[in-house]
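# A structural walkthrough
Take a look at the letters that make up each chain.
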Amino acid sequence: VQLQASGGGLVQAGGSLRLSCAASGRTFSGYTMGWFRQAPGKEREFVAAITWDSGDTYYANSVKGRFTISRDNAKYTVDLQMNSLKPEDTAVYYCAARVGFIKTSKDVYPYWGQGTLVTVSS
């Protein structure tokens, strides 16, 4: 499966952005989808994930209550709605895919998009 993330940009603290990841290739509905982010000088970290049937979602504590992940299997897309953004949310955001249950380790996601930059100004 090929992934392409979009929707990043510059936003003020407290604002919102919606990221989208478009998938192509193999059957999208069979994959658990995740969002990760990498800030300058830091490791890539888990943000959120959703199972193939949207039956389960999981969030990092740092974004819980502010971010919402969703997917549309008919459109082959997975979105990340980000509200109440903080400067510490500044990072390159990546979407990723794996077969199986939700995992928070980046090492078990074999498929990755190219990343989209989110910058939150204070």
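Residues numbered from 1 in each chain as written. Predicted model: local features only at pLDDT ≥ 70, side-chain atom pairs only at ≥ 80, totals over all residues. Heavy atoms only, no water.

### Digging into the pairing of strand 9 (residues 91-98)
With respect to burial, strand 9 is a largely interior element, 7 of its 8 residues being buried. Sheet topology places strand 4 (residues 32-38) next to strand 9; 7 bridges connect them, and they run antiparallel. The partner of threonine 32 across the bridge, within strand 9, is arginine 98. Looking at chain direction, strand 9 and strand 11 (residues 116-121) are connected through 3 bridges and run antiparallel. Within strand 11, the position partnered with valine 92 by the bridge is leucine 117. (Buried < 20%, exposed > 50% of the residue type's maximum accessible area, 1.4 Å probe, protein only. Helix = DSSP H or I, 4+ residues; strand = E, 2+ residues; numbered from the N terminus. Pairing = 2+ DSSP bridges.)

### Details of the state of the cysteines
This model, assessed by the stated rule, comprises 1 disulfide. With its sulfur 2.1 Å from that of its partner, cysteine 21 forms a disulfide with cysteine 95. Between cysteine 21 and cysteine 95, the disulfide has an S-S torsion of 60 degrees and is therefore right-handed. Taken as a pair, cysteine 21 in strand 3 (residues 17-24) and cysteine 95 in strand 9 lie far apart in primary sequence, 74 residues in all. (Disulfide = S-S within 2.5 Å.)

### Side note on the nonpolar core
By size, the foremost hydrophobic cluster in this structure holds 37 residues, and its most contacted members are Met33, Trp35, Leu80, Met82 and Tyr93. Sequence-distant contacts of leucine 80, that is, excluding residues within four places in its chain, are made with Leu17, Arg18, Leu19, Trp35, Val47, Ala48, Phe67, Thr68, Ile69 and Tyr93. (Core = buried A, V, L, I, M, F, W, Y, C linked by side-chain atoms within 4.5 Å. Contact = heavy atoms within 4.5 Å.)

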